[in-house]
Amino acid sequence: SIVYLNGDWIDASEARISVEDRGFLLSDGVYEVTPAYRGRFFLFDRHLERLRSGLATLRIEMELDGLAEIHDRLLADNELADDEVSYVYLQVTRGVAPRTHAFPKMPVPPTVYAFARPYRRPDRTVWEQGFEAVTVPDRRWARVDVKTIALLPNVLAQQAAVDAGVSDAILVRDGIALEGAHNNFFAVFGRTVVTHPRSNVILPGITREYVIRMARELGFEVDERPIQVEELARANEAFFTGTTTEVRPTVRIDGRPVGSGAVGPVARRLFDAFLERVE
Ligand code: PDD
């Protein structure tokens, strides 16, 4: 595949970064994953805004004007513009400098890397069976609202889910179900759709924000409040949202059925509405 690296368009096998890249040595960088539906990026400006905000938090200076073009060209050069769903991964690190914890004294240009990939949505029959999740202690730092490339706790949490033979991890801190390892978490109580409020303890998902807006438009109550793990025993439904998750219904948590143990009408209504709008 053709990737973008610091202004060059090259085959992935030819792409090289320095061993002194601060992303490699220190996880000193941020990333963004933006979906495209049949070649059109979905909520691109929201993803760009989150990237801008992450770069500002890390105090990495970078010109963002060319990014839309880079995204378009990645789809075109990789012949993904006709694919039903694809996505672009973009990573920015502070750049290359001899290793010290503090920023390099002489400013260096950031390292900018991006690639595109097709996304294969699960077949609807599989989706209709629902998915399972396990709860995992949240071991992340105190600013997970910033989309940094330091993802070790997320990696270990997702692996715990894989080891348990399920699709998703629910990260739990102080008895609260915060979000997934790479997606946001929702529970449904009656006609009320509940998800953790925006704060430093969850990643402000672009899909989360969109699903909240859609749910309100469809006439559901939306309550952004912490969800106690204990409450999940009486939830009617649960689901995850995310760029590489879309809307994914959870029918069992830690082996116990959620609600009836089947995919519920709220998740189905939201997923159908989501598909209508991206198509
Ligand atoms: N993950 N929470 C976490 C911890 C995430 O890493 C992500 C995204 C989300 C969902 O955000 P959005 O709806 O904007 O994709 C929530 C990306 C896709 C990833 O790491 O690959």
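Residues numbered from 1 in each chain as written. Predicted model: local features only at pLDDT ≥ 70, side-chain atom pairs only at ≥ 80, totals over all residues.

Going by the annotation in an unreviewed UniProt entry, the name recorded for the protein chain is Aminotransferase class IV, with Gaopeijia maritima given as the source organism. Quoted verbatim from the Sequence similarities (unreviewed entry) field of the UniProt record, the comment on the protein chain reads "Belongs to the class-IV pyridoxal-phosphate-dependent aminotransferase family." (UniProt positions renumbered as here; feature names shortened; annotations may be inferred.)

> How should the site of the ligand be read in this particular structure?
Leu203, Gly205, Thr207, Gly242 and Thr243 are the nearest of the 15 residues found near the ligand. Elements with a minimum of two residues in the shell around the ligand: helix H6 (206-217) and strand E13 (237-242). Within the shell around the ligand, the residues separate by chemical class into three nonpolar, ten polar and two charged. (Near = placed C-beta within 6 Å. Helix = DSSP H or I, 4+ residues; strand = E, 2+ residues; numbered from the N terminus. Nonpolar A, V, L, I, M, F, W, Y, C, P; charged D, E, K, R; others polar.)

> How should I be thinking about unusual backbone geometry in this particular structure?
What you tend to see is this: most non-glycine residues have negative phi, and most peptide bonds are trans. Phi at Glu79 takes a positive value of approximately 55 degrees, unusual for a residue other than glycine. Mapped onto the secondary structure, Glu79 falls in the loop between helix H3 (67-77) and strand E5 (85-93). Residue Glu79 is classed as partly exposed on the basis of its C-beta count, with 13 C-beta atoms lying within 10 Å. Phi angles above zero are rare outside glycine, and Asp254 is one such case at about 50 degrees. For Asp254, the location among the structural elements is in the loop between strand E14 (246-253) and strand E15 (256-257). Accessibility expressed as a C-beta count within 10 Å gives 13 for Asp254, which makes it partly exposed. (Buried ≥ 20, exposed ≤ 12 C-beta atoms within 10 Å, placed from the backbone.)

> Sorry if this is basic, but what is going on with the confidence of the model for the protein chain here?
Detail in the predicted coordinates should be disregarded across regions flagged by low pLDDT. The pLDDT averaged across the protein chain works out to 98; a share of 100% of its residues lies at or above 70. Quick note on the complex model: pTM equals 0.98, ipTM equals 0.99. (pLDDT = per-residue confidence, 0-100.)

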